[in-house]
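Chain residues, written in single-letter form:
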Amino acid sequence: MTELTSSCIAVESHRPKHASLLFRGEPKFTAVPSRFLNLTNDFEFAGWGTISKVTLTPDDLSYGKDTWCNYQSQRVLGPFEASALAANDILGGVFYTLPSVFAMSGVYSPISLFVAGLSLFLWRPIMEELGSALPISGAPYTYLLNVSTKFVALVGAALLLLDFAATAVTSAATAMAYLAGEVAIPFPLYIGTLLVFVVFTIVSLAGLKESAKVASSILSFHLLTMIILIIGSVVNWASLGPSQLKANWVVSRAETPVGVLGRIFKGACVSMLGLTGFECAPAYAAKMRRGSYPSVLCNLHWSALVFNTAIALLVLALVPLDVESQGNVLSMLAEKVAGRWLRIWVAVDAVVVLCAGVLTGVLGACELLCELSHDRVLPHIFRASLPFTGAPYISVLCFVGFSIAIYASTGANLTIISEMFSVAWLAVMMLFPVSLFLLRFSRPRLPRVSQCSLTIITGAVVVSVVVLAGNVSINPAIAGWFSLYFSILIISFSIANNKVAILRWVYWTYDQLPLLHEWKLIRGWGTGLITLMRRLKRQEVCILVNTDEINYLFNTVLYVRQNEETSHLKIVHFCKGTTLPELEANAKSAFRSLFFTPAHISTAVLDEAFPEITIDLVLVEEQFSPQNVAALAHQLKTPTSLMFMSCPGPSFPYSVAEFGTRIVSI
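Residues numbered from 1 in each chain as written. Predicted model: local features only at pLDDT ≥ 70, side-chain atom pairs only at ≥ 80, totals over all residues. Heavy atoms only, no water.

Caption draft 1: Region of the structure containing the overall build of the protein chain. A tally of helices and strands in the protein chain yields 27 helices and 7 strands. A buried classification covers 55% of the 666 residues belonging to the protein chain. The long-range share in the protein chain, meaning contacts at least 24 apart out of those at least 6 apart in sequence, stands at 79%. Of the roughly 27,600 Å² of accessible surface on the protein chain, 67% is carried by carbon and sulfur atoms. (Helix = DSSP H or I, 4+ residues; strand = E, 2+ residues; numbered from the N terminus. Buried < 20%, exposed > 50% of the residue type's maximum accessible area, 1.4 Å probe, protein only. Contact = heavy atoms within 4.5 Å. Areas by Shrake-Rupley, 256 points an atom, 1.4 Å probe, with all protein chains shown as cover.)

Here you go:
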């Protein structure tokens, strides 16, 4: 900060004498009464801003270059490795999806699974466009954060966290069900599920992270298992004939066409659970090689469509219908096809793949919680890490505790959790077309490789709503469970994101009751609340600008006031060379005159318009690039997640992901 301080322009010398009182920290408009009985408007006034020129030091530039190189070095995942990270979830879903689908759809289960798989043809082009426009992790939360308000993004974060929790709980409970089918465990299933959480809490705290190599190995083992099971089932079906299929048809077929369609529709609604994991693909978009993302989505889609439908058909052809709704139905199919050895193999595969799903849920949730902490929604303690492993232990423990609370509050009922999982997943998937709608409207200039039609976006929203309604109609109580957990999360996030606003109400209540000021024990609460509010608003926020248009500057500052709790804002302009931009000239002119006219387009105008925020103008004598933005963040000690910029156009030479900043205007 030495360069910033030494090059700061002394604004005091430009002020008229009659204004000297105003610049000692007092608000300009003192005629407006304060809303607080024991506070003046000085409490609302954050101070006057300054103009400064910043020269980035060699250390800053070196840090910026290292940050950019580190981002580039992460883009190493090819189509198979990137597919493996999400494919273990989407292909592992067959273990907990089949029993529910067969219980709902009976002999029409393969059709239901096939119809559910076809729906992803709507989502693939949507996710491709979003991924090419915003190749950043944390989607769909980060999509909504860049195209809408922070509250809307928090709705997405709450749904995504609920999806992660349901993934972890369902995977852990199903893994124990498969293990209990092969080994006599000396305790109830719910105890085993809790032990799975304990084990993966320890694993997460030990610093284990998702590895593309490990995921690829697990996926290869799972694919080998499924291929052997399918080949063996086909051979067995050919030798036994269609007798079991006919028997199941007689028992389960519907009598009327309406009944057939109803069974297929309800089965398709439940079958969406078998596509879980597809929403995780955007989380790895920033680490994929350029051009790999569409191939990854294609791999995930076709693998789910083919394997889920084929396995359901083979189960229907070889296993009695009363067995098909049991939790370990694939183990039973394996034993009938090839004997005990294949049953054990399938059970081991199920436990490994499902436990990988538990780890994915925990690590995905921790990454989201850390992202929320970077965006100043959650306290920085959620990023606190263990000294030796670097694991964010607060995030791990909070998420595991939340997941266990969900499991316990439902009475360890896997059916309820699976149904809520399906609803949560559908809600998350609906966020993708909604995000694209908002991107088209509010960030239309954002460069992207592919672009889908508006019909596809609308179709995805309609399908989401219809299937969501179908799941709720199957069991209306599930809407209550989902609403309960979603409300807990969104209320918690809203409170965390509006700490200062809530404290103002607390102080106002305290201020309105004189009796509280007389009690010795709580007499100092007022001072403590004021100190806490000022400390919470101390974090600086930066806006990166390339224009001095007052309308643009006003709207960006307004965005900051409405979405961020801060009392210090820096408007940053990168200007290569020694010529001062018009932005600085206008600001100096306004400071000299103090009583300015609308023609003075400047930070001084904004300083007057927003007395609760100190607005500084910072001029950086470098070109605007990802390296220099990271270097400036290093000097100002402001994370790039708290640096905002306008939407770049088609000719912009960089990707927005390279900056790590947030887009806040058109």
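Caption draft 2: View of the packing of aromatic side chains. Tallying each qualifying case throughout the model produces 19 aromatic pairs. When the ring of Phe624 is compared with that of Phe652, the centres are 6.3 Å apart and the planes differ by 45°; the resulting orientation is tilted. Of this pair, Phe624 sits in the loop between strand 5 (614-620) and helix 26 (626-636) while Phe652 sits in the loop between strand 6 (643-646) and helix 27 (656-659), and the two are 28 residues apart along the sequence. For Phe652, a relative accessible area of 22% gives the class partly exposed. With a centroid separation of 5.8 Å and an interplanar angle of 75°, the aromatic rings of Phe652 and Tyr654 are classed as edge-to-face. Members of the aromatic cluster, each reached through a chain of ring pairs, are Phe574, Phe624, Phe652, Tyr654 and Phe659. (Phe/Tyr/Trp six-rings, centres within 6.5 Å; stacked < 30°, edge-to-face > 60°.)

Caption draft 3: Representation of the nonpolar core. In this structure, Phe95, Leu98, Leu134, Leu162, Leu330 and Leu372 are the most contacted members of the largest nonpolar core, which totals 153 residues. By size, the runner-up hydrophobic cluster in this structure holds 21 residues, among which are Ile51, Leu558, Val560 and Ile615. (Core = buried A, V, L, I, M, F, W, Y, C linked by side-chain atoms within 4.5 Å.)

Caption draft 4: Here's a closer look at the confidence of the model for the protein chain. Put simply, the protein chain has an average pLDDT of 84, and 89% of its residues get 70 or more. In this model residues 1-25 is a low-confidence stretch, pLDDT under 50, and it forms 44 contacts with partners more than four residues away in sequence or in other chains. Between residues 588-601, whose pLDDT stays under 50, and residues either more than four places distant or in other chains, the model counts 30 contacts. (pLDDT = per-residue confidence, 0-100.)

Caption draft 5: Looking closely at helix 16 (residues 393-409). Between its first and last C-alpha atoms helix 16 spans 24 Å; for 17 residues at 1.5 Å apiece the expected length is 24 Å, and the two agree. Buried within helix 16 we find Ile394, Ser395, Val396, Phe399, Val400, Phe402, Ser403, Ile406 and Tyr407. Looking at the buried side of helix 16, the elements it contacts are helix 7 (150-182), helix 8 (189-205), helix 15 (340-374), helix 17 (414-442) and helix 19 (477-497). Trailing helix 16 by a residue or two, Gly411 shows a phi angle of about 70°, which is positive. (Expected span 1.5 Å × (residues − 1).)

Caption draft 6: Region of the structure containing the pattern of salt bridges. Applying the stated rule across the entire model yields 10 salt bridges. Glu129 serves as the salt-bridge partner of Arg448, at 2.9 Å between the closest nitrogen and oxygen. Highlighted residues: Arg448 in the loop between helix 17 and helix 18 (454-474) and Glu129 in helix 5 (residues 120-133), separated in sequence by 319 residues. The same class applies to Arg448 and to Glu129, which are both buried. Close ionic contact of Arg662 with Glu564 constitutes a salt bridge, the shortest N to O distance being 2.9 Å. Taken together, the residues Arg662 in strand 7 (residues 662-665) and Glu564 in the loop between helix 23 (550-563) and strand 4 (568-574) connect sequence positions 98 residues apart. The buried category is assigned to Arg662, whose relative accessible area is 2%. Each of Glu182, Glu335, Arg340 and Arg343 takes part in salt bridges that share partners, so that together they form one network. (Salt bridge = Lys/Arg side-chain N within 4 Å of Asp/Glu carboxyl O.)

Caption draft 7: Quick look at the environment of Ile381. Summarising the element assignment, Ile381 is placed in the loop between helix 15 and helix 16. Separated by 12 residues in sequence, Ile381 and Tyr393 have C-alpha atoms that sit 9.4 Å apart.

Caption draft 8: Expanded view of a nonpolar patch on the surface. A cluster of nonpolar side chains, contributed by Phe114, Leu118, Phe121, Trp302 and Val306, occupies part of the molecular surface with about 440 Å² of accessible area. Listed by contribution, the elements that provide at least two residues to the nonpolar patch are helix 4 (109-118) and helix 12 (293-318). Here Trp302 shows up in helix 12. Judged by relative accessible area, Trp302 falls into the partly exposed class, the value being 40%. (Patch = residues over 30% accessible without salt bridge, like charges linked within 9 Å, V, L, I, M, F, W, Y side chains within 5 Å.)

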